[in-house]
Amino acid sequence: MLWLLLLQISASCLWLGHSEVVTSFESSCPQFFFRGTPPNEALEPESPAWICQRYKNQYYFATLYDRRRRIPVYSAYLYEPGSGTRPKTWLVEPQLMGPTYPKTMEREWTLLNNFNISSEEISKSQAVLQDYKNLTGLNRGHLNPSGHHSDSNSRSATFTLTNIVPQNEKLNGGAWNNYEQQTMIKSTKGCNTTYVVVGAVPGNNYIAKGKVNKPSYIWSSACCVVDNNHRKSWAVIAENDKNEVQLLTLGELEDELTRLYGRKQVSLFDRDCPRE
């Protein structure tokens, strides 16, 4: 009997270690962070969810999600751009409703029809497609963009509603897009591995009848490993109502986020990533 109990506990622990909504990035999907070190707790919201973004039984990036505001705090990934078509299918995170639901992101349709779940249940802890309908001057802005990934599965994985925010339409299609495409290509020359953390600072306005927060700022940071002895970094920030992107050092972005959040000093990467 004792042996059976131990076996059940062991199986339970194993399952938890592979679940989608996890207790820490360090233990579950550290590969998306430089030296396995995620941003410190200075950015954590009141109702956080740590998501190892899983699609077709594989992790593709990591997202710290704000359940109450229904937007990501940040998404972290490896920059590995490639050519390919842009996905069209939007997905949601079942495990935000509880650990008994599927560990991999799914279409809302699948949950509604195969699991007998209502749209209201899904939307209690995350944004749903309906929340982004009929927007004026805003659209679905990816934090982790599909164009920074090299194959169809990794690009499809970015099309989860836990990876997007209401973003200014002109910014998303203009200066921010220029940064994601042109600036990143130039900046990553000579990089062996580039770790990226992209985030959104919560604002005072909401869409979808007060359900989904409209961020006040969008920001991005990168830590590039050139070789064992050389690393470089860069960062940007943009107000979410202007078509402008400000280029910063990593240290300047961390200081600006510290000011905007008004908590302890923000740290986005392991200390061995240069701040200047």
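None of the values given here were measured: they were computed from a predicted structure.

Draft legend 1. Up close: the overall build of the protein chain. Check the secondary structure of the protein chain and you find eight helices and twelve strands. Along the longest, intermediate and shortest principal axes, the C-alpha atoms of the protein chain span 60 × 50 × 40 Å. Out of the 276 residues in the protein chain, the part that is buried amounts to 52%. In the form shown here, the protein chain has an accessible surface area of approximately 13300 Å², with 48% of it arising from carbon and sulfur atoms. Across the protein chain, the mean location of the 29 positive side-chain charges is 5 Å away from that of the 27 negative side-chain charges.

Draft legend 2. Examining the nonpolar core more closely. Counting 45 residues, the largest nonpolar core has Y132, W176, V196 and W234 as the members making the most contacts within it. Listing elements by their share of this core, those giving two or more residues are β2 (48–55), β3 (58–66), β4 (71–78), β6 (164–168), α7 (175–187), β7 (193–201), β10 (217–227) and β11 (230–239). Tallying contributions element by element places α7 first for this core, with four residues. Contact partners of Y132, with chain neighbours within four places excluded, come to A127, R140, L161, I164, V165, P166, I207 and V212. Residues C52, Y74, Y195 and L248 belong to the second largest nonpolar core, which totals 34 residues.

Draft legend 3. Region of interest: the pattern of salt bridges. Across all of its chains, the model carries nine salt bridges by this definition. The salt bridge partner of R68 is E46, with a shortest N-O separation of 4.0 Å. Of this pair, R68 sits in the loop between β3 and β4 while E46 sits in the loop between α2 (25–28) and β2, and the two are 22 residues apart along the sequence. Take R68: its relative accessible area is 40%, and that puts it in the partly exposed class. Take E46: its relative accessible area is 70%, and that puts it in the exposed class. In this structure, the salt-bridge partner of D66 is R69, at a minimum N-O distance of 2.8 Å. In terms of burial, D66 and R69 fall into one category: buried.

Draft legend 4. A look at the packing of aromatic side chains. Enumeration over the complete set of coordinates arrives at five aromatic pairs. Here the aromatic rings of W176 and Y179 are separated by 5.9 Å at their centres, their planes lie at 50 degrees, and the arrangement is tilted. Here Y179 and W176 lie together in helix α7, a separation of three residues that amounts to about one turn. By the burial criterion, W176 is buried, and Y179 matches it. Aromatic ring contacts, followed pair by pair, group F25, F33 and Y74 into a single cluster.

Draft legend 5. Structural view of the UniProt feature "domain: ENPP1-3/EXOG-like endonuclease/phosphodiesterase" (unreviewed entry) in the protein chain. Here, UniProt's "domain: ENPP1-3/EXOG-like endonuclease/phosphodiesterase" (unreviewed entry) annotation points to residues 58–268. Summarising residues 58–268: 22% helix, 31% strand, and an end-to-end C-alpha distance of 25 Å.

Draft legend 6. Focus on empty space enclosed by the protein. This structure, assessed with the given rule, holds one cavity of 30 Å³ or more. Its boundaries defined by the atoms lining it, the largest cavity holds a volume of some 40 Å³. The element that contributes the greatest number of residues to the lining of the largest cavity is α7, accounting for three residues. Taken together, the residues of the lining of the largest cavity sort by class into six nonpolar, two polar and one charged.

Draft legend 7. Spatial organisation of the state of the cysteines. Scanning the model with the defined rule gives three disulfides in all. The side chain of C191 participates in a disulfide bridge whose partner is C224; the two sulfur atoms lie 2.2 Å from each other. One disulfide, between C191 and C224, carries an S-S torsion of -110 degrees and so falls in the left-handed class. Highlighted residues: C191 in the loop between α7 and β7 and C224 in strand β10, separated in sequence by 33 residues. At a sulfur-sulfur separation of 2.2 Å, the disulfide partner of C223 is C273.

Draft legend 8. Examining the sheet that holds β7 more closely. A sheet is described by the order of its strands in space; here eight strands give the open sequence β1-β2-β3-β4-β7-β10-β11-β12, paired in antiparallel fashion. Bordering the open sheet on either side are β1 (21–22) and β12 (246–248), each of which pairs with just one other strand.

Thresholds applied
Residues numbered from 1 in each chain as written. Predicted model: local features only at pLDDT ≥ 70, side-chain atom pairs only at ≥ 80, totals over all residues. Heavy atoms only, no water. Helix = DSSP H or I, 4+ residues; strand = E, 2+ residues; numbered from the N terminus. Buried < 20%, exposed > 50% of the residue type's maximum accessible area, 1.4 Å probe, protein only. Areas by Shrake-Rupley, 256 points an atom, 1.4 Å probe, with all protein chains shown as cover. Lys, Arg positive; Asp, Glu negative; His and termini not counted. Charge placed at Lys NZ, Arg CZ, Asp CG, Glu CD. Core = buried A, V, L, I, M, F, W, Y, C linked by side-chain atoms within 4.5 Å. Contact = heavy atoms within 4.5 Å. Salt bridge = Lys/Arg side-chain N within 4 Å of Asp/Glu carboxyl O. Phe/Tyr/Trp six-rings, centres within 6.5 Å; stacked < 30°, edge-to-face > 60°. UniProt positions renumbered as here; feature names shortened; annotations may be inferred. 1 Å grid on protein atoms, 1.4 Å probe; cavity = no way out; pocket = protein on both sides within 12 Å on 5 of 7 lines; lining within 4 Å. Points joined across faces, edges and corners; volume = space filled by probe spheres on them. Nonpolar A, V, L, I, M, F, W, Y, C, P; charged D, E, K, R; others polar. Disulfide = S-S within 2.5 Å. Pairing = 2+ DSSP bridges.

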